[in-house]
Amino acid sequence: MNVNYLLDNLKKNKDRLAIVSDDREYSFDDIYNEYEKAVMLLQKKSISPGSVVSVIAEFTPVSIALLIALIERDMIIVPISRTIKEKDRYIRISESQYVIDLWQNINISRTNTEVKHKMLRTLIRKQAPGLILFSSGTTGEPKAALHDLTFLMKKFEKPGKCLSTVTFLLFDHIGGFNTIMHSLSSGCMIATLKDRSPEEVCRIIEKYKIELLPTSPTFINMILLSRIYEKYNLSSLKMISYGTEPMPESTLKQLHKLLPEIKLKQTYGLSELGIMSTKSMSSDSLWMKVGGDGYETKIVDDILYIRARSAMIGYLNASSPFDEDGWFNTKDKVEQNGDYIKILGRTTDLINVGGEKVYPNEVESVLLSFDGVRDVYVYGEANPITGQSVIANVCVDKNNDNRDFIKQLRKYCKDNLESYKRPTSYRLTTEVFYGERFKKKR
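The following refers to the structure shown. Note that this is a predicted model, so its numbers are computed, not measured. (Residues numbered from 1 in each chain as written. Predicted model: local features only at pLDDT ≥ 70, side-chain atom pairs only at ≥ 80, totals over all residues. Heavy atoms only, no water.)

The next thing to look at is the pairing of strand S26 (residues 425–429). Most of S26 sits inside the fold, with four of its five residues counted as buried. Inspection of the sheet shows strand S25 (residues 387–396) paired to S26 by five bridges, in the parallel sense. Along S26, the bridge assignment pairs Asn393 with Arg427. (Buried < 20%, exposed > 50% of the residue type's maximum accessible area, 1.4 Å probe, protein only. Helix = DSSP H or I, 4+ residues; strand = E, 2+ residues; numbered from the N terminus. Pairing = 2+ DSSP bridges.)

Bringing the packing of aromatic side chains into the picture now. Following the criterion strictly, the structure yields eight aromatic pairs and no others. With centroids separated by 5.2 Å and ring planes inclined at 65°, the aromatic side chains of Phe59 and Phe171 adopt a geometry described as edge-to-face. Taken together, the positions of Phe59 in the loop between strand S3 (52–57) and helix H3 (61–72) and Phe171 in the loop between strand S9 (165–166) and helix H7 (174–186) put the pair 112 residues apart, joining distant regions of the chain. The interplanar angle of 65° and the centroid separation of 5.6 Å between the aromatic rings of Phe370 and Phe405 together place this pair among those described as edge-to-face. Of this pair, Phe370 sits in the loop between helix H11 (360–368) and strand S24 (373–383) while Phe405 is found in helix H12 (residues 403–416), placing the two residues 35 residues apart along the sequence. Of the residues examined, Phe405 reaches a relative accessible area of 3% and is grouped as buried. An aromatic cluster is present here, built from Phe370, Phe405 and Tyr412 joined pairwise through their rings. If you follow Lys298 out to its NZ or CZ, it ends over the ring of Tyr305, 5.7 Å from the centre. (Phe/Tyr/Trp six-rings, centres within 6.5 Å; stacked < 30°, edge-to-face > 60°. Lys NZ or Arg CZ within 6 Å of the ring centre and 35° of its normal.)

Once that is clear, we can look at the layout of surface pockets. Space inside the second largest pocket adds up to approximately 630 Å³. Lining of the second largest pocket is provided by 27 residues; of these, Asp22, Glu58, Phe59, Thr60 and Arg82 occupy positions nearest its centre. Contributions of two or more residues to the lining of the second largest pocket are made by strand S2 (24–27) and H3. Per-class residue counts for the lining of the second largest pocket are eleven nonpolar, seven polar and nine charged. (1 Å grid on protein atoms, 1.4 Å probe; cavity = no way out; pocket = protein on both sides within 12 Å on 5 of 7 lines; lining within 4 Å. Points joined across faces, edges and corners; volume = space filled by probe spheres on them. Nonpolar A, V, L, I, M, F, W, Y, C, P; charged D, E, K, R; others polar.)

Attention now moves to the environment of Glu58. Secondary-structure assignment places Glu58 in the loop between S3 and H3. What makes Glu58 buried here is its relative accessible area of 11%. Separated by 134 residues in sequence, Glu58 and Thr192 have C-alpha atoms that sit 8.6 Å apart. For Glu58, the contacting residues outside a window of four places in its chain are Ser63, Ser81, Arg82, Thr83, Leu170, Phe171 and Arg196. Within the structure, Glu58 has its side chain in polar contact with the backbone nitrogen of Arg82 (distance 3.3 Å). (Contact = heavy atoms within 4.5 Å. Polar contact = N/O pair within 3.5 Å; in protein donor to acceptor, adjacent residues only side chain to side chain.)

Summarising burial for H11: eight of the nine residues are buried, a large majority. Listing the buried residues of H11 in full gives Pro360, Asn361, Val363, Glu364, Ser365, Val366, Leu367 and Leu368.

The tally for this structure, following the rule as stated, stands at four cavities of 30 Å³ or more. If you go around the largest cavity, you meet 14 residues; those closest to its centre are Leu213, Ile223, Leu234, Ile240 and Leu259. The set of elements that each furnish at least two residues to the lining of the largest cavity consists of helix H8 (198–208), strand S11 (212–215), helix H9 (217–226) and helix H10 (249–258). With three residues, H9 is the largest single contributor of residues to the lining of the largest cavity. Class assignment for the residues of the lining of the largest cavity results in 13 nonpolar, one polar and no charged.

Moving on: the pattern of salt bridges. In this structure the tally under the stated criterion is 21 salt bridges. A salt bridge links Arg196 to Glu58, with the shortest nitrogen-to-oxygen separation between them at 3.8 Å. Of this pair, Arg196 sits in the loop between strand S10 (190–191) and H8 while Glu58 is found in the loop between S3 and H3, placing the two residues 138 residues apart along the sequence. In this structure, the salt-bridge partner of Arg427 is Glu381, at a minimum N-O distance of 3.1 Å. Of this pair, Arg427 sits in strand S26 while Glu381 is found in strand S24, placing the two residues 46 residues apart along the sequence. Each member of the salt-bridge network shares a partner with another, and the members are Asp23, Lys194, Glu200, Arg203 and Lys207. (Salt bridge = Lys/Arg side-chain N within 4 Å of Asp/Glu carboxyl O.)

Under the definition given, this model contains one disulfide. The partner cysteine of Cys162 in its disulfide is Cys188, sulfur to sulfur 2.5 Å. With Cys162 in the loop between helix H6 (149–152) and S9 and Cys188 in the loop between H7 and S10, this residue pair connects regions lying 26 residues apart in the sequence. Classification of Cys188 by relative accessible area gives buried; the value is 1%. We note that Cys202 lacks a disulfide partner, and the nearest cysteine sulfur, in Cys395, lies 19 Å from it. The thiol sulfur of Cys413 is not disulfide-bonded, and the nearest other cysteine sulfur, from Cys395, lies at 16 Å. For Cys413, a relative accessible area of 0% puts it in the buried group. (Disulfide = S-S within 2.5 Å.)

Where H9 contacts H10, the axes come no closer than 10 Å and their chain directions differ by 55°. Considering the angle they form, H9 stands oblique to H10. Handedness of the H9/H10 crossing: left-handed. Mapping the contact onto sequence places Ile220, Asn221 and Leu224 in H9 and Thr251, Gln254, Leu255 and Leu258 in H10. The class makeup of the residues in the contact of H9 with H10 is four nonpolar, three polar and no charged. (Axes fitted to C-alpha atoms, helices over the stretch in contact; angles between N-to-C directions. Parallel < 35°, antiparallel > 145°, perpendicular 65-115°, else oblique. Left-handed = near helix turned anticlockwise from the far one by under 90°.)

Quick look at the environment of Ser389 now. Mapped onto the elements, Ser389 comes out in strand S25. Overall, the relative accessible area of 8% leaves Ser389 in the buried class. When the C-alpha positions of Ser389 and Arg422 are compared, they lie 8.9 Å apart, and in sequence the two are 33 residues distant.

Quick look at the environment of Asn221 now. Examined against the element boundaries, Asn221 turns out to sit in helix H9. Of the residues examined, Asn221 reaches a relative accessible area of 9% and is grouped as buried. Taking the C-alpha atoms as reference, Asn221 lies 9.9 Å from Pro198; in sequence the two are 23 residues apart. Leaving out residues up to four positions away in the same chain, Asn221 has contacts with Thr251, Leu368, Arg374 and Asp375.

On their own, these measurements won't tell you what the molecule is for.
Written as structure tokens, this is what we have:
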């Protein structure tokens, strides 16, 4: 695939700061030099165009340069974050022929796997680069979404708005891939993280005057609870974008009140479709417009459907989710307000209490606004009378892990929630409810 527009941009901005990694600064010229080394390495190891290659890494100058080289040589790339526990499973499902592990040193191994999947073989015959992204579900087999990168890369041919950015989203996340390619094509500086703790993120923002933090509502809640923002100067931030899961309204309003000068923008993207353009009604509002060039949307029975030019070819290990006209059912229940929509939650997460629908995010938002609640996870549990009951797992400090705190919670929910939305059981814990991707485990 022709990626000259990326390479030309590296040359044009060669003296500018491109990446900060482990507190070391690298120019765009450094990235270009790493790209040339990556090309030579692929040639030396006889990794031919069309190969399926798993790359185990986080975002570094070497991994980013390798991505460019693999795309240019029409490889099918399987990015795997170092934090993922089931790496062997991903390698098997994707039929990877090579594994490049960039942890500490560059280790390349051959799997001797024969590529048999029809979609993979078709893409190889087309001599087009591919990208395989895995779903982050906590149960069952992770779905492997295969993309033709020819379509996903189209949006990066023209430079976009340039904001210095933190690479919070993981190496194998569609949002992480989008962040890196946007930064390369637009000449923006990015800063990688040693770890994804509130302390490290805020330290990097202050030290390198970061302008954009793309993150998740769960991580925003962690920053608010830790009050780490009081220790660091975050005045360089122009925007915080949030996505990957529903945002509790109470968390959004608390963040906006705390940082009123920063634009808060809701994003929307799926591994199956790519990242869409969005426009929030305001920084403290969950209403947004979604769409953009190459995307069509429609709402059927309050469910959002999307049709996209950049949609995946299909799943390697599951049936196609597209209807005969190419529409994808997001399973996101929404409300409409003119051109704006508000996402209420996934239909698969809805709790049915005697015929009434309860959205976990709405109940979580109320509980998170109660002093002493650090995190909360709301779900449905079978009930012989009402069908389901609302259950709340509540993360609290040790001094609040008692019956009196539950009594106060019950009263607060009675004052702020309709009767059918109130949890019937509160299960207190000091454990948090997020995984390696910093989103709630549902």
